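A look at the structure
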Amino acid sequence: MRLSELELGKEAVVVHIGGNGFLKRRLREMGLVKGEKLKVEHIAPLGDPIEVVIKGTRISLRKSEADLVEVEQL
Amino acid sequence: MKERIVIAFVGNPNVGKTALINAISGAQLKVGNWPGVTVEKKEAFFTHRGVEFRLVDLPGIYSLSPYTLEERISQEFLLEERPDAVVNVLDSTNLERNLYLTTQLADLEIPTVVVLNMWDEFQSKGYQLDLKMLERVLGVPCVPTAATKGKGVDEVLDAVLEVVEKSRVPRKVRFKRIIEEELSKIEKRLKEAGCPYPIRWSAVKLLEGDGFFSEKLFSKIKLDVSFVEEAVERIEAHYGDDVETVLAEQRYGYINGLLKEVFKRPIQHKMELTDIIDKVLLNRVLGLPVFFVMVYLMFKVTFDGSAPFIDWMDGFINGFLGKWISYLLYQAHLPGWLRSLVVGGIFQGVGLVLSFIPLMLILYIFMALLEESGYMARAAFLMDRVMHAVGLHGKSFIPLVIGFGCNVPAILATRTLENERDRKLTALLVPFMSCGARLPIYALFTGIFFVRHRAEVVFLMYLLGMLVSLIVGLVLRRTVFSGEAPPFIMELPPYRLPTLKMIWNSAWFRTKAFIRKAGTIITLAMVILWLFLNIPFGAPVEKSLLGRFSRGISFVFVPAGFGHDWRTVAALIPGTAAKEIVVGALGQLYGGASSSYSSEEINPGSFREDLKEQVVSFFGAFKEAFRNIFMSWKSSVFSGEEEELGEVAKSIAHSFTPLQAFCYMVFCLLWMPCISTLGIIYQEFGWSMVGMSLAITTIVPWVVSSLIYNVGRLLGY
Ligand SMILES: Nc1nc2c(ncn2[C@@H]2O[C@H](COP(=O)(O)OP(=O)(O)OP(=O)(O)O)[C@@H](O)[C@H]2O)c(=O)[nH]1
Ligand SMILES: [Mg+2]
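Procedures and definitions
- Residues numbered from 1 in each chain as written.
- Chains lettered and ligands numbered in written order.
- Predicted model: local features only at pLDDT ≥ 70, side-chain atom pairs only at ≥ 80, totals over all residues.
- Heavy atoms only, no water.
- Helix = DSSP H or I, 4+ residues; strand = E, 2+ residues; numbered from the N terminus.
- Rg over C-alpha atoms; globule rule 2.2 N^0.38 Å.
- Buried < 20%, exposed > 50% of the residue type's maximum accessible area, 1.4 Å probe, protein only.
- Areas by Shrake-Rupley, 256 points an atom, 1.4 Å probe, with all protein chains shown as cover.
- Lys, Arg positive; Asp, Glu negative; His and termini not counted.
- Charge placed at Lys NZ, Arg CZ, Asp CG, Glu CD.
- Polar contact = N/O pair within 3.5 Å; in protein donor to acceptor, adjacent residues only side chain to side chain.
- Contact = heavy atoms within 4.5 Å.
- Buried area = accessible area lost by both parts, 1.4 Å probe.
- Salt bridge = Lys/Arg side-chain N within 4 Å of Asp/Glu carboxyl O.
- Donors = N, O, S within 2.8 Å, 3.2 Å for Na, K, Ca; no water.
- Near = heavy atom within 4 Å.
- pLDDT = per-residue confidence, 0-100.
- Axes fitted to C-alpha atoms, helices over the stretch in contact; angles between N-to-C directions.
- Left-handed = near helix turned anticlockwise from the far one by under 90°.
- Nonpolar A, V, L, I, M, F, W, Y, C, P; charged D, E, K, R; others polar.
- 1 Å grid on protein atoms, 1.4 Å probe; cavity = no way out; pocket = protein on both sides within 12 Å on 5 of 7 lines; lining within 4 Å.
- Points joined across faces, edges and corners; volume = space filled by probe spheres on them.
- Domains from an automatic or database assignment.

1. Observations concerning the overall build of chain A
Counting its secondary structure elements, chain A contains 2 helices and 5 strands. In chain A, the order of α-helices and β-strands from amino to carboxyl end is β-α-β-β-β-α-β. Expected size for 74 residues packed as a compact globule is a radius of gyration near 11 Å; at 11 Å, chain A falls within 12% of this value. Taken along its principal axes, the extent of the C-alpha atoms in chain A is 30 × 25 × 20 Å. Classification of the 74 residues of chain A by burial places 59% in the buried group. Summing over all exposed atoms, chain A offers an accessible surface of approximately 2800 Å²; the carbon and sulfur share of this is 47%. Here chain A holds 13 positive side-chain charges and 12 negative ones, and the gap between their average locations is 5 Å.

Structure follows, in structure tokens:
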């Protein structure tokens, strides 16, 4: 499933990161890499963006960007 | 040993690089708890054990790729200026991601010290690290520090001296064999071609396809790159993914392996304070209301808390200092024009501006709290959807909020935006953010016309500024700056409790700048203004140079609500130098008659009584401020008893209706950025943006004020 579909409070493992150069690179530099465990910690009041926690770091990204991350729910 | 050592501080955003430099050198570079505080290269100097250090603070970066301005600045500096040493600052609570950059830095072959900052947080989390082993694997000294507490600072410098002396460079990552084979082929070619940059670094960069670097490289050496392309093809075919991803994954693989050996986190992990606070502040229902209530309270406290002090300052400067200075001047038998210049020109204007020091101080204390606590990035998170709707970026919200303090750093802060178009657009909107310098204008007018609703009216100004910026943003986005919205990927730092000293330093630093401005540019503007108002000397002000000019153009401002009185227009003109000058100028223009002290009989014996009265009323101001903030939720219930207005205020009260005063405030809010802001726009973007900014900030305020004025009149105000 996609990261954007992951519900609030649920955990998952990163399977694949799609998207183009810059986006992919930025996600990777922030620690979103294959095999990493993450959790959806918050969803902004207006439904977008979301905050995920990965390795104790809090990262916010938009749903459209979370769309590019393939995850497997735990 | 060298006499002078250049050290570059490199690391991820928000790990405390600037805090460390400040701790080492005693400098006061800007620190803040969100990623992207330092956006340009800054320097500090320091001497340790007889060696002079030049400390270079580079902007925070996640990697040494060339995709953002910060990354390019850092890469450029490290490659072209080759510092004697790199201090690679890591957030020790987040080693995995921080070490990614460390593995890239290693390829540069510069003597390096790895600093494990935030060690206080590391320890309180109960993490454990085998330092000796980490040093052995990385090949360079690793020093734990807590920069904000000044811990480990000397050790950093000693380690730097050691690595420079022994040329200790970090160990490089070895990739999988397939890649190493390709790399060594490229390295060989590069060596033959006489590559002026570190060979390993250059080879990796070519393989990754770093356009910024290869352009630079090929301007220096000639090389046929087809063999690199072939290597890339072979690797991608083997791994089924692009080279960059493959290399990154192998770097992370190496880091994971390393951390497994040296790093342990406790099995039981406790709920962090940040998570608890965010349960409220980022709550889906409460998040936005809490945000607006906080901003409102901030302005309320700023206003109600500072009002008694402003009154006191005003009394002190005009009633006390002014009185005695004019007395002295009178005693010294100075010519009339000189007395008029000093008292009516400089003193009226600068004094009025200076009386707002308490206001600025409180505002800047709040700004510092906002910046240091970690809420800034949250505000961007909460507002991203709104900003996105008008085609902007949540991160644009940070420069805009900084703009409430001062527009100049706000323009600089746009550098955190990855995309040039977004940067420009945000920079054009920043001037609509009501900076601290505009507060005196509101303070003056609300004190006269909206005594019972001061905080509300001022809050309205801020909201209006934001609303206008959103609308203008939307229009620009649809026309000049159309295109895709860039991604919003941002780190949310943990909340940190700033120390009182940090808050005070930051607030006082900015207030000092305000005072300095009053002593220099504003005084100068006052003198010039006085000249234009008094040439030809002796003529009534309406007939003066400025008077005639302003009367000539004031018809333009009639629809906007204040063209009826040429003095309002005249005050705007010097206001282009700095916004506070509008207030100073109004002081001169409306206070003309009150330089009456000069002819007044003053009893010199009453000086001590006067002084005593000032001291007593100063303490009285504390009591009143306290009462204003804590006991009155309805704004200014106590001061509502129609206070006695000063000369200037009385004269202003006669010349405006409340609606006109409101329109004038709106105009001042939206009108032309001050010279310093224009200067920084020029520095960052060039003349065309200055022109654009000027055009927007002349048309928009006129349209908005006119709209409000005419609608207000229809409604019967
Ligand atoms: N607890 C703790 N906080 C720290 C320490 N060092 C820095 N901070 C805080 O961390 C935040 C970031 O510090 P900065 O010095 O601005 O970080 P930076 O690396 O310069 O960040 P950028 O300029 O954005 O790249 C600030 O709020 C500091 O007060 C530390 O050792 N311990
Ligand atoms: Mg910094």
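2. A look at the side chain of Asn94 of chain B
Within the secondary structure, Asn94 of chain B is located in the loop between strand E4 (85-91) and helix H3 (95-106). Classification of Asn94 of chain B by relative accessible area gives buried; the value is 7%. Among the polar contacts listed, one links the side chain of Asn94 of chain B to the side chain of Thr57 of chain A, at a separation of 2.6 Å. Beyond its immediate chain neighbours, meaning those up to four positions away, Asn94 of chain B contacts Lys55 and Thr57 of chain A together with Glu491 of chain B.

3. Things to note about the interface of chain A and chain B
Chain A puts 32 residues into the contact, and the matching count from chain B is 48 residues. Taken together, both faces of the contact between chain A and chain B bury some 3600 Å²; the carbon and sulfur share is 54%. Between Glu71 of chain B and Arg26 of chain A there is a salt bridge, with its nearest N and O atoms 3.4 Å apart. Scanning the region where chain A abuts chain B turns up 18 residue pairs in polar contact (both at pLDDT 80 or more).

4. Topic: the coordination of the magnesium ion (ligand 2)
Around the magnesium ion (ligand 2), the donor atoms from the protein are Thr18 of chain B (OG1) and Thr38 of chain B (OG1), and they sit 1.9 to 2.0 Å away. On the criterion of sequence distance, the pair formed by Thr18 of chain B in helix H1 (residues 17-25) and Thr38 of chain B in the loop between H1 and strand E2 (42-48) is long-range, its members being 20 residues apart.

5. Some details on the site of ligand 1
Residue and element names in this part refer to chain B. The local shell around ligand 1 holds 26 residues, among which Lys17, Thr18, Ala19, Val37 and Thr38 are the closest. Between ligand 1 and Val15, the relevant distance is 3.2 Å, taken from an oxygen atom to a main-chain nitrogen or oxygen of the residue. Within the backbone of Gly60, one N or O atom sits 3.2 Å away from an oxygen atom of ligand 1. Considering ligand 1 on its own, with 660 Å² of exposed area, one finds that the protein chains cover 97% of that surface. Among the secondary structure elements, those contributing two or more residues to the shell around ligand 1 are H1 and helix H4 (119-124). Considering every element that reaches the shell around ligand 1, the biggest residue donor is H1, with 3 residues.

6. With respect to the confidence of the model for chain B
Residues and elements named next belong to chain B. Here chain B averages 87 in pLDDT, and 95% of its residues register 70 or above. A low-confidence stretch, residues 593-599 (pLDDT under 50), is modelled with 12 contacts involving residues beyond four sequence positions or located in other chains. Low pLDDT, under 50, characterises residues 633-642; the stretch is placed with 18 contacts to residues that sit more than four places away or in other chains. This prediction of the complex comes with two scores: 0.85 for pTM and 0.94 for ipTM.

7. Topic: the packing of helix H2 (residues 69-81) of chain B against helix H9 (residues 211-218) of chain B
All names here are of chain B. In contact at an axis separation of 11 Å, H2 and H9 are set at 35° when each is read in the N-to-C sense. Relative to H9, the crossing made by H2 is right-handed. Contact residues: Arg72, Gln75, Glu76, Leu79 and Glu80 in H2; Phe212, Phe213 and Lys216 in H9. Split into classes, the residues belonging to the contact of H2 with H9 amount to 3 nonpolar, 1 polar and 4 charged.

8. Observations concerning empty space enclosed by the protein
This structure, assessed with the given rule, holds 8 cavities of 30 Å³ or more. Empty space within the largest cavity amounts to approximately 220 Å³. Taken together, 19 residues form the lining of the largest cavity, with Arg26 of chain A together with Pro13, Tyr62, Glu70 and Thr416 of chain B sitting closest to its centre. Of the residues assigned to the lining of the largest cavity, the class counts are 8 nonpolar, 5 polar and 6 charged. Viewed by domain, the lining of the largest cavity spans two of them, domain 1 (4-166) and domain 3 (290-551 + 579-654) of chain B, each represented by three or more residues. A volume near 100 Å³ is recorded for the second largest cavity. The element contributing the most residues to the lining of the second largest cavity is strand E1 (residues 11-17) of chain A, with 3 residues. Its residues assigned to classes, the lining of the second largest cavity comprises 4 nonpolar, 2 polar and 5 charged.

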